[in-house]
Amino acid sequence: KQLGNVSSQLFYFWPMIALQNITIIGNGSVGQYLQRNLSLHNYDIKVVTRDRGPSKSFQEKLASLKGTTDLIVICVSDQAIAEVSTFIGVGNAPVVHVSGATPLHHLSDKHAHRGIWYPLMSLAAGTNPTFTSIPFCLEATDEFTMQLLKQLTRAMGATAYEVDSEQRKVLHLAAVLAQNFSNHLYELAYLEMAKAGLDFELLKPLLLQSVSRLGKDHPAKMQTGPAVRKDQNTIHQHQKMISNQDTLEIYNIMTQSIQKRHDKEL
């Protein structure tokens, strides 16, 4: 399979790599999701978290990982990835992180095997997507780490894509625009409907239809609504109805953006 010029080819000639013990650093939503699902596939999972009481320090725990695991997966905030990687004891186990926005070089180069295992999916608390539905974007400093991550991804039934740090930054931006921003628009629509006593369920068939059409054609060709039609009467009615100034500003910006894009298309 291909994602643009990003390869998802899996190299089956590479010998199986021994992988049983996996250490997850961090206990946030992504860490918990990986812990839960990797355990279901009979991997032995160890979780390392920051101490909240008088016990062995976090740094000491990380330093002692040397030689005790086959793979170390850092699941902490982007800002903490570099520091955490410096605390990990030097061993043969690859050290990888799961961030979409943090480059590979943020992992300490004292580790011979470094990589990225980025799940392109929202894994927020309360969500539990099937592992097989998640595209995993991989990058590594060496072929051994790349093949280990491909082997793990394949064993979990998911799809692996080789995506370098520059490509992944664009992919992360695209995910923010397409998913994070659209979800904020859903919230604004929810609030407008709630003020009128309307159930948000009414919108779901329309939203599901839009998502189902993705990939079948260029998004510009699927654009509908008063902005693309230049229906100024409807646009003015909508503007008068919106009492929240932030929502009105977003409505105006989106309307102008759609019209500019389609003026270029024409």
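The structure we're discussing is the one just above.
Calculation rules
- Residues numbered from 1 in each chain as written.
- Predicted model: local features only at pLDDT ≥ 70, side-chain atom pairs only at ≥ 80, totals over all residues.
- Heavy atoms only, no water.
- Phe/Tyr/Trp six-rings, centres within 6.5 Å; stacked < 30°, edge-to-face > 60°.
- Helix = DSSP H or I, 4+ residues; strand = E, 2+ residues; numbered from the N terminus.
- Buried < 20%, exposed > 50% of the residue type's maximum accessible area, 1.4 Å probe, protein only.
- Pairing = 2+ DSSP bridges.
- Axes fitted to C-alpha atoms, helices over the stretch in contact; angles between N-to-C directions.
- Expected span 1.5 Å × (residues − 1).
- Arc of directions from axis to C-beta.
- Contact = heavy atoms within 4.5 Å.
- Core = buried A, V, L, I, M, F, W, Y, C linked by side-chain atoms within 4.5 Å.
- Disulfide = S-S within 2.5 Å.

Draft legend 1. Broad picture of the packing of aromatic side chains. What the rule picks out here adds up to five aromatic pairs. Both rings, one in Tyr33 and one in Phe131, keep their centres 5.9 Å apart while their planes meet at 10°; by these two values the pair is stacked. With Tyr33 in helix α1 (residues 29-40) and Phe131 in the loop between β7 (114-119) and β8 (135-140), this residue pair connects regions lying 98 residues apart in the sequence. An angle of 20° between the planes, with centres 5.1 Å apart, marks the rings of Phe131 and Phe136 as stacked. Here Phe131 falls in the buried class, since its relative accessible area comes to 5%. Here the aromatic residues Tyr33, Trp117, Phe131 and Phe136 are joined through ring pairs into a cluster of three or more.

Draft legend 2. Fine view of the sheet that holds strand β3 (residues 21-25). Strand order in the open sheet formed by seven strands is β4-β3-β5-β6-β7-β8-β9, with mixed pairing between adjacent strands. Strands at the two margins of the open sheet, each flanked by one partner only, are β4 (44-48) and β9 (159-162). On average, each strand axis in the sheet is tilted by 25° relative to the strand beside it, whichever way the strands run. In the sheet, β3 pairs with strand β5 (residues 71-74) via four bridges, with the strands oriented parallel. Within β5, the residue paired with Ile24 across the bridge is Val73.

Draft legend 3. Layout of α1. The first and last C-alpha atoms of α1 sit 17 Å apart over 12 residues, in line with the 16 Å expected at 1.5 Å per residue. Within the sequence span of α1, burial applies to Gly31, Tyr33, Leu34, Asn37 and Leu38. Down the axis of α1, the smallest arc covering the buried residues is 160°, so these residues share one side. Residues of α1 that are buried make contact with β3, β4, β5, β7 and α4 (143-155). Positive phi shows up at Asn42, right after α1, with a value of about 70°.

Draft legend 4. Inspection of the nonpolar core at higher detail. In this structure, Ile22, Leu34, Leu38, Val73, Trp117 and Leu152 are the most contacted members of the largest nonpolar core, which totals 26 residues. The leading source of residues in this core is α4, at four residues. Other than its neighbours up to four places away in sequence, Ile22 contacts Leu38, Tyr43, Asp44, Ile45, Lys46, Thr69, Leu71, Val73 and Leu152. Of all hydrophobic cores here, the second largest spans 21 residues; its members include Ile25, Leu62, Leu65 and Tyr118.

Draft legend 5. How the structure looks around the state of the cysteines. Taken as a whole and assessed by the stated rule, the structure comprises zero disulfides. Unpaired in terms of disulfides, Cys75 finds its nearest cysteine sulfur in Cys137, a separation of 15 Å.

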